Amino acid sequence: MNSITKETFKELYVANIFFKKQYSLFYKRAAAKKGLVDSFDSLGEANACIGNHPEKNDIELIENGIHYVVALGEGGVQFPARIYFKATSLPVSRDWNSQLEAVNKGNARFVSVWKLGNKKRENDKGKWWVPSIEYAGMVGDEALYKDIRGIYEGVRESLAPQASDAAKLAAPAAA
């Protein structure tokens, strides 16, 4: 589902342009507070936040694999999106990253096209859905490749630490 337009899809064809691992801290369901505490790019930062938090026993750590993709259609690029993989979906995320490396043979991750769908899983605790990923081919059109590359470059730039962030990290802590 596109969470902005609320449009649903049985399947999508996508180019995977970027991957980022993130660690999010949430208040546990039984906690007095609700929602997101914060998110971090490293497990060490997340654990440090938990250790220093006054309500550390009410916080749970969630690992996320975030895949930045471009949805493709007959007219070319349809829209960019982020797909969050967590819990039972993390093995799918890891497998996709491995497949990308094998299929793309050292080229950019966005040179291949993937069919994204859903698979039903179940056990004695219930039923749920996880993403399904299937290799669909290579980006063969030069104009489409350039469009996808442009989106990739924009995402890469937006995720790069800004100069002001680097200055904050390099500055000594105030006494």
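Residues numbered from 1 in each chain as written. Predicted model: local features only at pLDDT ≥ 70, side-chain atom pairs only at ≥ 80, totals over all residues. Heavy atoms only, no water.

**Student:** Whenever I open this one, helix 2 (residues 90-104) confuses me. Can you help?
**Tutor:** Because the α-helix completes a turn every 3.6 residues, residues three or four places apart line up on one side. The first and last C-alpha atoms of helix 2 sit 21 Å apart over 15 residues, in line with the 21 Å expected at 1.5 Å per residue. Those residues of helix 2 lying buried are Leu90, Val92, Ser93, Trp96, Asn97, Leu100 and Asn104. Buried residues of helix 2 fall within an arc of 155° about the axis and therefore sit on the same side. Structurally, helix 2 contributes buried residues whose contacts are with strand 1 (12-27), strand 3 (59-73), strand 4 (76-86), strand 5 (112-123) and strand 6 (126-138). Remark: Lys105 follows helix 2 within two positions and exhibits a positive phi of approximately 45°. (Helix = DSSP H or I, 4+ residues; strand = E, 2+ residues; numbered from the N terminus. Expected span 1.5 Å × (residues − 1). Buried < 20%, exposed > 50% of the residue type's maximum accessible area, 1.4 Å probe, protein only. Arc of directions from axis to C-beta. Contact = heavy atoms within 4.5 Å.)

**Student:** Would you take a moment to explain unusual backbone geometry for this structure?
**Tutor:** Of note in this structure, Lys6 is not a glycine but carries a positive phi near 65°. In this structure, Lys6 sits in the segment before strand 1.

**Student:** Please explain the pattern of salt bridges as it appears in this structure.
**Tutor:** When their charged atoms lie close together, side chains carrying opposite charge are able to pair. Considering all chains together, one arrives at 8 salt bridges under this definition. For the salt bridge of Lys20 with Asp41, the shortest nitrogen-to-oxygen distance reads 3.4 Å. In this pair, Lys20 sits in strand 1 while Asp41 sits in the loop between strand 2 (36-40) and helix 1 (43-52), placing the two residues 21 residues apart along the sequence. Here Glu63 makes a salt bridge to Lys21, at a shortest N to O gap of 3.5 Å. With a gap of 42 residues between them, Glu63 in strand 3 and Lys21 in strand 1 connect regions that are remote in the sequence. Three or more residues joined by partner-sharing salt bridges are found here, namely Glu11, Lys115 and Glu134. (Salt bridge = Lys/Arg side-chain N within 4 Å of Asp/Glu carboxyl O.)

**Student:** For this particular structure, what's the right way to read the environment of Ala15?
**Tutor:** Looking at the element boundaries, Ala15 is found in strand 1. Along the backbone, Ala15 and Ser132 are 117 residues apart, and their C-alpha atoms lie at a distance of 14 Å. Once you skip the residues sitting within four places of it in the chain, Ala15 turns out to touch Tyr68, Val69, Val70, Leu72, Phe110, Ser112 and Ile148.

**Student:** Just checking my understanding: could you explain the packing of aromatic side chains for this structure?
**Tutor:** The geometry of two aromatic rings is summed up by the distance between their centres and the angle between their planes. In this structure the tally under the stated criterion is 7 aromatic pairs. Aromatic side chains Trp96 and Trp114 sit 6.3 Å apart centroid to centroid with 65° between the ring planes, which places their arrangement in the edge-to-face category. Placement of the pair is Trp96 in helix 2 and Trp114 in strand 5, with a sequence separation of 18 residues. Relative accessible area serves as the criterion here: at 0%, Trp114 is assigned to the buried category. Judged by centre distance (5.1 Å) and plane angle (40°), the rings of Phe110 and Tyr152 are tilted. Separated by 42 residues along the polypeptide, Phe110 in the loop between helix 2 and strand 5 and Tyr152 in helix 3 (residues 142-159) bring together distant segments of the chain. (Phe/Tyr/Trp six-rings, centres within 6.5 Å; stacked < 30°, edge-to-face > 60°.)

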